[in-house]
Amino acid sequence: MINLPLTFTITGPIPTKKNIVNFGKGRFYRPAEYHRWVRNAILELRSQKVKSGLEYPIKPERVLFKFFITRSKDADNLLGTVFDLFQESGIVQNDKNITHGQFAVEKSDKEEYCEVTFVL
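Residues numbered from 1 in each chain as written. Predicted model: local features only at pLDDT ≥ 70, side-chain atom pairs only at ≥ 80, totals over all residues. Heavy atoms only, no water.

1. Quick notes on the overall build of the protein chain
Assigned secondary structure in the protein chain consists of two helices and six strands. With the C-alpha coordinates of the protein chain rotated into their principal frame, the extents come out at 50 × 35 × 25 Å. A burial count over the protein chain gives 38% of its 120 residues as buried. Put simply, of all contacts in the protein chain between residues at least 6 apart along the chain, 84% involve residues at least 24 apart. (Helix = DSSP H or I, 4+ residues; strand = E, 2+ residues; numbered from the N terminus. Buried < 20%, exposed > 50% of the residue type's maximum accessible area, 1.4 Å probe, protein only. Contact = heavy atoms within 4.5 Å.)

2. Digging into unusual backbone geometry
A cis amide bond links tyrosine 56 with the next residue in sequence, proline 57, at an omega value of 5°. Secondary-structure assignment places proline 57 in the loop between α1 (32–52) and β4 (62–69).

3. A few points about the side chain of aspartate 95
Here aspartate 95 shows up in the loop between α2 (75–88) and β5 (101–107). With residues up to four places along the chain from it excluded, the contact list for aspartate 95 reads Phe83, Asp84 and Gln87.

4. Quick notes on the packing of aromatic side chains
The full count for this structure, using the stated rule, is seven aromatic pairs. Here the aromatic residues Phe8, Phe86 and Phe118 are joined through ring pairs into a cluster of three or more. A cation sits over an aromatic face here: lysine 49 above tyrosine 56, 5.1 Å from the ring centre. (Phe/Tyr/Trp six-rings, centres within 6.5 Å; stacked < 30°, edge-to-face > 60°. Lys NZ or Arg CZ within 6 Å of the ring centre and 35° of its normal.)

Right under this line is the structure:
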């Protein structure tokens, strides 16, 4: 057990996947703005990944999520979006393997962002 903390920051508002679904032709899909956010967030995470010097995917012992938001949002929807993002970015192999963690949602007067700390 290393107990090395590794922190990533995602800047800007975190969209909640549950609330941004469009329906058409009997199917649902995520709008282009969601996919654009995912691409930009992955680029942001990749630059932080390179700086850490670790091999990925990582296997965290626990994860600490801290959301700074300007308006009320449902925490479980925020967590779902961020879990999927870390899997899609290759930081974790499968988000179902994140089994221990804590989260906090705090009000921010200025900007929205999320800090995620993995304890390895």
